[in-house]
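Architecture and fold: a report
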Amino acid sequence: MIKNGLLGLLVGGLVGGCQGAPPAPAGYQGVVEYEARSLSFEVPGKLTKVAAARGDIVHAGAELAALDDELARLTVEASQEDAAAAQSQTKVVKQGARPEEIRAMTSQVAAAKALEDQVANNLARTERLVAGGARPPSAADDLRSEFERAKQTRMALEQQLAALRSGARAPEVATAQARAAAAAAAARLAQTRLSKYKLVADADAYVLEAPVKVGEVVGAGAAIFTVADTTKPYADVFVPMTAIGSFRVGAKAQLRVDTQAVPFSAHVEQIGQQTEFTPRFVFSERERANLMYRVRVRIDDPERQLHAGLPAFMTLAAGQ
């Protein structure tokens, strides 16, 4: 009798305790989360500037960090000088020979012609002497060779003069232009690479983590800051398959948390296409027996009152 009485009191106490527990808030359960992302450099280097800290709110376009860019700047200067030189060379090729170059070549042609005429006269005189027996035949042979060299020299100079007067050929101009274009592209590439030595905020955000300090050497892709738009958190709530038919992307909703008396405005952003097992934090007996769909709800929190990890309870707005 005593044992049965004690057992009855124990069971009664447990039942009474369960009946006295506060009811769970109405709505579909989830957890507030931020869409955190890492900001990093695309190139490695030594940090010379860190302009934001954990808890800061940064704005789009703000310079948050910088790397030592001395070598990159020197590369830009060298490539820009190469591009300028290649462009100048292209202009020279297009313009052709200068008047003074043509005059100088004309003088060389005239001198070569005079030498050729002189050798021709000497050859004619020597041939007459050889015919009269006054000179050996070998004397005329030497002058014939000299005359041929003078003639060929004069003809080569005339070809050079004609080339100067006609200007650069189309393939030469095209080659010079291609070299100038390649040098300009290299200069742009160097300038673009130099811009990678500064880390700029791509949007307004809240700094969640800032793990680095000035003087550290960081690798390409290493997280310099972890940021998030804390005015637009989200919650993945879990909806039983029996209720998923009433959800539509874009539908207005309300979201409650224990730390705030007033609910937050939200909207359905995404509806899962596959069923999932019930998550651990959904505790009711009825919901544990059902398969769930994950539904992402985007929350409006312009005052940044919510914090990641808060349990949240979502209900569709009236009329949705």
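Keep in mind it's a predicted model, so treat the numbers as computed, not measured. (Residues numbered from 1 in each chain as written. Predicted model: local features only at pLDDT ≥ 70, side-chain atom pairs only at ≥ 80, totals over all residues. Heavy atoms only, no water.)

Notes on helix α2 (residues 70–95)
Stated precisely, the cut-off is as follows: By definition, any uninterrupted DSSP run of H or I lasting at least four residues is a helix, any uninterrupted run of E lasting at least two residues is a strand, and each is numbered from the N terminus. Here a helix's expected span is defined as the number of its residues, less one, multiplied by 1.5 Å. Type-normalised accessible area, obtained with a 1.4 Å probe on protein chains alone, sets the label of each residue: buried when under 20%, exposed when over 50%, and partly exposed for intermediate values. By definition in these notes, contact holds between two residues if any of their heavy atoms fall within 4.5 Å.
Here α2 spans 38 Å end to end across 26 residues, near enough to the 38 Å set by a 1.5 Å rise per residue. Residues of α2 that are buried include every one of Ala72, Val76, Ser79, Ala83, Ala86, Thr90 and Val93, and no others. Among the structural elements, α5 (170–195) are those in contact with the buried residues of α2. Remark: Gly96 follows α2 within two positions and exhibits a positive phi of approximately 80 degrees.

Looking at the sheet that holds strand β6 (residues 198–200)
Threshold: When DSSP finds two or more bridges between two strands, those strands count as paired.
Strand order in this open sheet of four strands is β6-β5-β3-β8, and the pairing throughout is antiparallel. The sheet terminates laterally at β6 and β8 (217–218), the two strands that pair on one side only. Alignment of strand β3 (residues 45–50) against strand β5 (residues 63–67), held across three bridges, turns out to be antiparallel. Residue pairing in the sheet places Leu47 in a bridge with Leu67 of β5.

Concerning the environment of Leu39
With respect to the element layout, Leu39 can be found in strand β2 (residues 37–40). What makes Leu39 buried here is its relative accessible area of 9%. Residues Leu39 and Gly221, spaced 182 residues apart in sequence, show a C-alpha to C-alpha distance of 8.2 Å. Residues within four places of Leu39 in sequence aside, it is in contact with Leu64, Leu199, Asp202, Ala222, Ala223, Ile224, Phe225 and Val227.

A look at a nonpolar patch on the surface
Here is the rule we go by: Only residues above 30% relative accessible area that lack a salt bridge enter a patch, with like-charged residues linked at up to 9 Å and the nonpolar side chains Val, Leu, Ile, Met, Phe, Trp and Tyr linked at up to 5 Å. Methods summary: accessible areas were calculated by the Shrake-Rupley approach with a probe of 1.4 Å, and residue burial reflects only the protein chains presented. The rule for a salt bridge is simple: a side-chain nitrogen of Lys or Arg has to be within 4 Å of a carboxyl oxygen of Asp or Glu.
A contiguous nonpolar patch, built from Met241, Phe277 and Leu291 and spanning about 340 Å² of accessible area, is present on the exposed surface. As for its placement among the helices and strands, Phe277 is situated in the loop between β12 (264–276) and α6 (285–288). Among the residues examined, Phe277 registers a relative accessible area of 73% and is labelled exposed.

Quick word on the layout of surface pockets
Selection criterion: Grid spacing is 1 Å over the protein atoms alone, the probe is 1.4 Å, and a cavity is where that probe fits but cannot get out, while a pocket is an open set with protein on both sides within 12 Å along at least five of seven lines and lining residues have an atom within 4 Å of a point. Grid points are joined across faces, edges and corners, and a volume is the space filled by probe spheres set on the points. As a working rule, the residues Ala, Val, Leu, Ile, Met, Phe, Trp, Tyr, Cys and Pro are called nonpolar, Asp, Glu, Lys and Arg charged, and the rest polar, with Gly in that last group.
Each pocket or cavity is described by its volume, and for the largest pocket that value is around 200 Å³. Lining the largest pocket are 13 residues, with Gly96, Ala97, Leu164, Gly167 and Ala168 positioned closest to its centre. With three residues, helix α4 (residues 137–166) is the largest single contributor of residues to the lining of the largest pocket. In the lining of the largest pocket, the residues fall into five nonpolar, four polar and four charged.

Here we look at the packing of aromatic side chains
What counts is decided by this rule: For Phe, Tyr and Trp, rings pair up if their centres lie within 6.5 Å, where Trp contributes its six-membered ring, and each pair is then called stacked (planes under 30 degrees apart), edge-to-face (over 60) or tilted (otherwise).
Applying the stated criterion across every chain yields a total of one aromatic pair. Between the aromatic rings of Tyr28 and Phe247, the centroid separation amounts to 5.5 Å while the plane-to-plane angle is 70 degrees, which identifies the pairing as edge-to-face. With Tyr28 in strand β1 (residues 28–33) and Phe247 in the loop between β10 (234–240) and β11 (252–257), this pair connects stretches of sequence that are 219 residues apart. You can call Phe247 buried: its relative accessible area is 3%.

Observations regarding α5
Residue pairs spaced three or four apart in an α-helix point in one direction, given the helix's 3.6 residues per turn. Its 26 residues place the ends of α5 38 Å apart at the C-alpha level, agreeing with the 38 Å of an ideal helix rising 1.5 Å per residue. Among all positions of α5, only Val173, Ala176, Ala180, Ala183, Ala187, Ala190 and Leu194 are buried. Its buried side turned inward, α5 meets α2.

Notes on the packing of helix α3 (residues 99–131) against α4
Definition in use: Here an axis means a line fitted to C-alpha atoms, over the contact stretch when the element is a helix, while the angle between two N-to-C directions is reported on a 0 to 180 degree scale. Our angle categories are set so that under 35 degrees counts as roughly parallel, over 145 as roughly antiparallel, 65 to 115 as roughly perpendicular, and the remainder as oblique. Helix crossings get a hand from a simple test, with the near helix turned counterclockwise from the far one by less than a right angle marking a left-handed crossing and a clockwise turn marking a right-handed one.
Look at α3 against α4: their axes get within 8 Å of each other, and the N-to-C directions meet at 160 degrees. Viewed along their axes, α3 and α4 adopt a mutual orientation that is roughly antiparallel. Along this stretch, α3 crosses α4, giving a crossing that reads as left-handed. For the contact of α3 with α4, the class distribution of residues is 18 nonpolar, five polar and ten charged.

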